Amino acid sequence: MSALTPEALEETLGDPYDDDNPYGFAAAVARDEADAFPEELCAALRGTGFHLAYLPQEWGGSFETFDRSIALVRAAARRDVNVMPGTMFSIIAASCLQIHGSPEQRERVAKILRDGGAVAFGLSEAEHGSDLLAGEVRLADDGTLHGEKWMVGNGQRCAAVYVVARTGERGPGAFSSFLLDVDESAQNSGLTRVPSPRTGGMRGMDFAHLKFTGLPVPEAARVGRAGEGLEVAIKAQQAVRLMSMAGSLGIADSAVRLTLDFAVERRFGRAVLCETPYARRDLAAACAALIAVDAVALAAARGVHALPEAFSVWGPAAKHVVAEASEELVRRCGTVLATRSVLRAGAPGAGLFQKLQRDAQVVRVIDASPLANLRSYAGQIRTLAAGGTEVKPDVLGCVFTPGAPLPPYRPDLFDLVTRGADPVLGGLGELAEAVGEALREDDGPTAGLVAELAGQVAALGVQAERATARGADPNDLVDLAERYAWLHGAAACLRLWWANRDRSLYGAAPGSPGWLGAALGYLLARADGIDPRRRGTALLPALDAVLALRERNRMFTALPVALAARRHETS
């Protein structure tokens, strides 16, 4: 099977603005109103091989690199982000099996997924949330499973479930994992699947509570060694964050596109709305956020191949930036749409914008709450800021050069901590000096932002010492973790620009610093906790870049991706 491309997927799914298109926006809104699962859209995607895009090739999948897979998910998710639970929620169970499954277990899961089925992942429990060490689902001495897993994705339709259950008394080593078949015989002997409460966004998703009341668990169902279940699950979640970023990007793309469609046609007095000062500033902030999250996600999707051992920090930091900025971006768009942002009928979008708002809120928490995400690496910041062995330039070069060959994806190399410096922030001072020298004559304001970034990164060590000192406010360390995420994102944008000065990114001329200045202005404002619109002048080039991509019917991403033709443009 030849590799599926975003352009081919766009062509297959057609114009999302076509009200008669079953894979378009109108159909997505209708499903949302009815709390309906996207059966037809998911079936169409499976017909293209889309569901194989995260499966290893040795499992019969078509996975190559995460940046390719994210581009595919984004093309589908811009129509309806519910395609993620419909086709790709099994990635975490698959990643766990890649890390420590037996050949027989891997083949069992591979067959289910190749055939378009689902393998669920049971970790969270309603009473404990992100306090995973408090989990109560237990494998009894007689080999039966007891307890309840909460909000299990694809829990009602899955053919198997990977469950993390207590097999000991205390600490992370008290949990083991099991791969369980959940057919009718299982339900008749100790398993009940109960639909979860309905969600505000991503309506119609298959979430379920799995109640175990003495389900027999054969010894062959154990995955890996006893006591490693929680550790492996936490490692595997690092890959899930990448796919949830793709969902945020799909939502962000549609929100900005919908708003620009309105703003370039709507007149306010004698001016077009997108040219009025206030709307232009809000649109610029939204577009700067969009470029920033695209660059951050692209870097993470490639970094997981080259530097998986750093992903305990890289993954959650990138996830925070992408999810938080995407949700804020949608709010900015709502400000421009004004009253039309709350209308469920009529233009623009006939209820689509409200769906995007609700969906963004769910994607923000779907694999971890923002607090749990930040806390997962907050304790590492002092060590990260202290530095260590710098990553070889050729490794970072391949990460930040789209299209450059990448090492194979190795989830078995994930670690619970990052040892040494953050590879994205390491050596940033020297890079900032070189960039500043290159920009000083052509773009002084962007050079100033680069110097500001370097200064803020250099101050992280002192800030980490204060946040971990005796008597410090317990919130200081989490606040610093959030600041760290925004600075990490800004550094990723800087490295992406530096590594690609000879090629066009975001439709701009090679080496053009406009998009970089906009992304840095936005991210540094967020790091300082201020309204990004206060960096208004720096953000404006982002609006111009995104408007140009829209005019050419391109996806709002660094590299050119042609979208399905609009019917009214080709009739």
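About the thresholds
Residues numbered from 1 in each chain as written. Predicted model: local features only at pLDDT ≥ 70, side-chain atom pairs only at ≥ 80, totals over all residues. Heavy atoms only, no water. UniProt positions renumbered as here; feature names shortened; annotations may be inferred. Helix = DSSP H or I, 4+ residues; strand = E, 2+ residues; numbered from the N terminus. Rg over C-alpha atoms; globule rule 2.2 N^0.38 Å. Buried < 20%, exposed > 50% of the residue type's maximum accessible area, 1.4 Å probe, protein only. Expected span 1.5 Å × (residues − 1). Pairing = 2+ DSSP bridges. Polar contact = N/O pair within 3.5 Å; in protein donor to acceptor, adjacent residues only side chain to side chain. Contact = heavy atoms within 4.5 Å.

In the nomenclature of an unreviewed UniProt entry, the protein is known as Acyl-CoA dehydrogenase family protein of Streptomyces sp. 900129855. In UniProt, the protein has this text filed under Sequence similarities (unreviewed entry): "Belongs to the acyl-CoA dehydrogenase family." Recorded in UniProt for the protein, the comment headed Cofactor (unreviewed entry) runs: "FAD".

All right, on to the overall build of the protein then. Along the backbone of the protein there are 22 helices and 10 strands. Here the C-alpha atoms of the protein give a radius of gyration of 23 Å, agreeing with the 25 Å that 2.2 N^0.38 yields for 571 residues. A principal-axis box enclosing the C-alpha atoms of the protein has dimensions of 75 × 60 × 45 Å. Counting only residues that meet the buried cut, the protein has 60% of its 571 residues in that class.

Another aspect to go through is helix α10 (residues 277-306). Over its 30 residues, α10 extends 43 Å from the first C-alpha to the last, a length consistent with the 44 Å expected when each residue adds 1.5 Å. With respect to burial, α10 is a largely interior element, 26 of its 30 residues being buried.

On to the pairing of strand β3 (residues 144-153). Bridge count between strand β2 (residues 138-139) and β3: 2 bridges; the pairing is antiparallel. Bridge pairing in β3 places L139 opposite L145. Turn length for the β2-β3 hairpin, with the two strands adjacent in sequence and antiparallel, is 4 residues, and the turn residue G143 shows positive phi of about 80°. Pairing between β3 and strand β7 (residues 207-216): 8 bridges, direction antiparallel. Bridged to L145 within β7 is L215.

What follows is about the pairing of β7. Along β7, 7 of the 10 residues are buried, which leaves the element largely enclosed by surrounding structure. Inspection of the sheet shows strand β6 (residues 191-195) paired to β7 by 5 bridges, in the antiparallel sense. The residue bridging R193 from the neighbouring strand is L210, located in β7.

By secondary structure assignment, the location of R79 is in the loop between α4 (66-77) and α5 (83-87). Note on R79: relative accessible area 2%, which makes it buried. At a separation of 3.5 Å, a polar atom in the side chain of R79 contacts the main-chain carbonyl oxygen of Y23. Apart from the residues within four sequence positions on either side, R79 is in contact with E10, L13, G14, D15, P16, N21, Y23, F25, A28 and A564.

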